[in-house]
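Structural characterization, general
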Amino acid sequence: ARETMAATRRLLEALLPRLERLLDAATARRVAERQATWCDVVEEYWDDPDALRRHRERGGTYRYAEIPREGRGFAAAALDVAARKVLPSLVPSQAFFELRLATRQRLETLLREALASPTLTLRVFGSSANLFGAAGADLDMCAEILLLEDDDEASKDRASIVRRIGEALAARADDFAELSVRDGARVPIALFKDLASGLDCDVSAHNPLALRNTALLRAYASIDQRVRAVAYVVKSWAKARGVNSPPDGTLSSYGYVLCVLHYLQRTQPPLLPSLQELPPDWPQQSAIPTMLEPHPFEPGRAVDLYFHDPSPTSLPELRTAAARNAQSIGDLVAGFFEYFAWGFDYRDHLVSVRRPATGPAKKSRKAEDHLWPPHSRLAVEDPFEPWYDVAHVVKPAKFALIRLEFMRAHHLLAQLATTAKDRQNSHADLLDAADFLLANLCNATDDHSA
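Cut-off values and rules
- All residue numbers refer to positions counted from 1 along the written sequence of the respective chain.
- Local features in this predicted model are restricted to residues whose pLDDT is 70 or higher, and side-chain atom pairs enter the listing and the counts only when it is 80 or higher, whereas totals over whole chains, interfaces and linings include all residues.
- Processing note: side-chain calculations cover all non-hydrogen atoms of the structure and skip hydrogens and water entirely.
- Helix numbering and strand numbering both begin at the N terminus, where a helix is a DSSP run of H or I of at least 4 residues and a strand a DSSP run of E of at least 2.
- Among buried residues, those of type Ala, Val, Leu, Ile, Met, Phe, Trp, Tyr and Cys that are joined through side-chain atoms within 4.5 Å constitute a nonpolar core.
- Working definition: with a 1.4 Å probe on protein chains only, accessible area under 20% of the residue-type maximum means buried, over 50% means exposed, and in between means partly exposed.
- The directions from the helix axis to the C-beta atoms are what the arc is built from.
- Note on definitions: a residue-residue contact is assigned when non-hydrogen atoms from the two residues lie within 4.5 Å.
- Think of each axis as a best-fit line through the C-alpha atoms, taken over the contacting stretch in the case of a helix, with angles from 0 to 180 degrees between the N-to-C directions.
- Every angle not falling under 35 degrees, over 145, or within 65 to 115 is termed oblique; those three ranges are roughly parallel, roughly antiparallel and roughly perpendicular.
- Should the near helix be turned counterclockwise from the far one by less than a right angle, the crossing is left-handed, whereas a clockwise turn marks it as right-handed.
- The classification used treats Ala, Val, Leu, Ile, Met, Phe, Trp, Tyr, Cys and Pro as nonpolar, Asp, Glu, Lys and Arg as charged, and all other residues, Gly among them, as polar.
- Helix span is expected to be 1.5 Å times the residue number reduced by one.

Attention shifts here to the environment of phenylalanine 344. Tracing the backbone through its elements, the reader meets phenylalanine 344 in the loop between helix 12 (329-343) and strand 10 (349-350). As for phenylalanine 344 and leucine 378, which are separated by 34 residues in sequence, their C-alpha atoms are 9.5 Å apart.

Before going further, it helps to examine the nonpolar core. One broad rule of soluble globular proteins: the nonpolar side chains tend to lie buried together. Trp237, Phe340 and Phe406 are the most contacted members of the largest nonpolar core, which has 85 residues in total. Among the secondary structure elements, those contributing two or more residues to this core are helix 4 (69-90), helix 8 (208-223), helix 9 (225-240), helix 10 (253-264), helix 11 (314-323), helix 12, helix 14 (396-420) and helix 15 (427-440).

Turning next to helix 11. When we look at burial in helix 11, the residues that qualify are Ser314, Leu315, Leu318 and Ala322. Seen end-on, helix 11 carries its buried residues on one side only, within an arc spanning 100 degrees. Where helix 11 is buried, its residues contact helix 8 and helix 9.

Below, the discussion takes up the packing of helix 12 against helix 14. The geometry of helix 12 relative to helix 14 is characterised by a closest axis approach of 8 Å and an angle of 130 degrees between their N-to-C directions. The angle between the axes of helix 12 and helix 14 places the two elements in the oblique class. Here the hand of the crossing between helix 12 and helix 14 comes out left-handed. Contacts between helix 12 and helix 14 pair Ala334, Phe336, Phe337, Glu338, Phe340, Ala341 and Trp342 from the former with Arg403, Phe406, Met407, Ala409, His410 and Leu413 from the latter. In the contact of helix 12 with helix 14, the residues fall into 10 nonpolar, one polar and two charged.

Let us now look at unusual backbone geometry. In this structure, proline 269 follows glutamine 268 across a cis peptide bond, with omega equal to -10 degrees. Relative to the elements of secondary structure, proline 269 occurs in the loop between helix 10 and strand 8 (292-294). A positive phi angle, near 50 degrees, is found at alanine 116, a position not held by glycine. Inspection of the secondary structure puts alanine 116 in the loop between helix 5 (94-114) and strand 3 (121-125).

An ideal rise of 1.5 Å per residue puts 16 Å on 12 residues; helix 10 measures up with 17 Å between its terminal C-alpha atoms. With 10 of 12 residues buried, helix 10 is to be regarded as a mostly interior element. For helix 10, the set of buried residues is Gly255, Tyr256, Val257, Leu258, Cys259, Val260, Leu261, His262, Tyr263 and Leu264. If you follow the buried residues of helix 10, they end up packed against helix 8, helix 9, helix 12, strand 10 and helix 14.

Written out as structure tokens, the structure is:
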């Protein structure tokens, strides 16, 4: 029923200028009044226009307001100043990486000795290595052991390796706490707290998918410093506004990073390419290869792990291409909110970073290829597991909340631009506007009433 109402609303919106010429004035007015009762958040008509008006006044929904061109530059500049104020506190320092490197090296030495395996290597993946991690990020590690042909089957088994790692950690109770060995899980893993560093750690075994995913995000981050900046601002906003908690039915930080990359591939000109669409010798135009590997945890599935890993030759070219987009961090963050508040077609499209050159990724194709259920919520395709929806945890009510928060952010920027468009704005006005955004855009909320 909701899909039918949305389709009807879109049809009436498209036909309204023509209908106004064909219908009598009273009928055309009734159609326009009915259109005015549409709520974009829940995608339904409200029966009581006054109730919808009060709902909007409480911040329960918003109507699209174009950011006026005369004030857009001021609003973006204020957002840029605000972003640059908070980024030093959001982006991890060098000490973040040094602590994790030292911890990894110490654990690697310990496990090589305990497992009598000199070929064991610990490799860091996830938020501690992909350049999008926050200060409190866990230290996710993958144990890789060079196996010989005459090794027995147990030595090749992931669960067995994790079990042995757990035994080695348990023998050092003074060094590690809160040990939990989940050798029967889909992804066998040992979780523990490293007392020397204070870090929450986990070790899995032979997980090339996680390592490639980390390398892909790191490669995107290396192309332009604005990529990380926009992602950190968006993640900070999502956390403050209460829409960044998968256990509560909202989107993960990884999902928001993919949304940022998706958007930056669609700016004009694009800030980012799809690295999965570039050949190994880019900027030459050779064929794009495949790098098929058995899925580490889903027997019978294969994953294509190929992407163009920027080289000393290609990275300067990628950075030159990114520099053609002259937008500031503030411009890009404002555009991100506008895109996901009003520009993205949640009914028909999904967020994807794999193939932007082929046009928007369609939900209908996912339903055919991977049996994705039909819905009008946010859907986010995993870069290497295209059958997996990163946003599958987002429930209808929580999606409405996320969409509302995108609208609220855009509304604040539109308000600021409208206020600024008809006046001469000084540097002091710019600083005041930045403080306004810092106080309101990412202010913490518990009830989402504003």
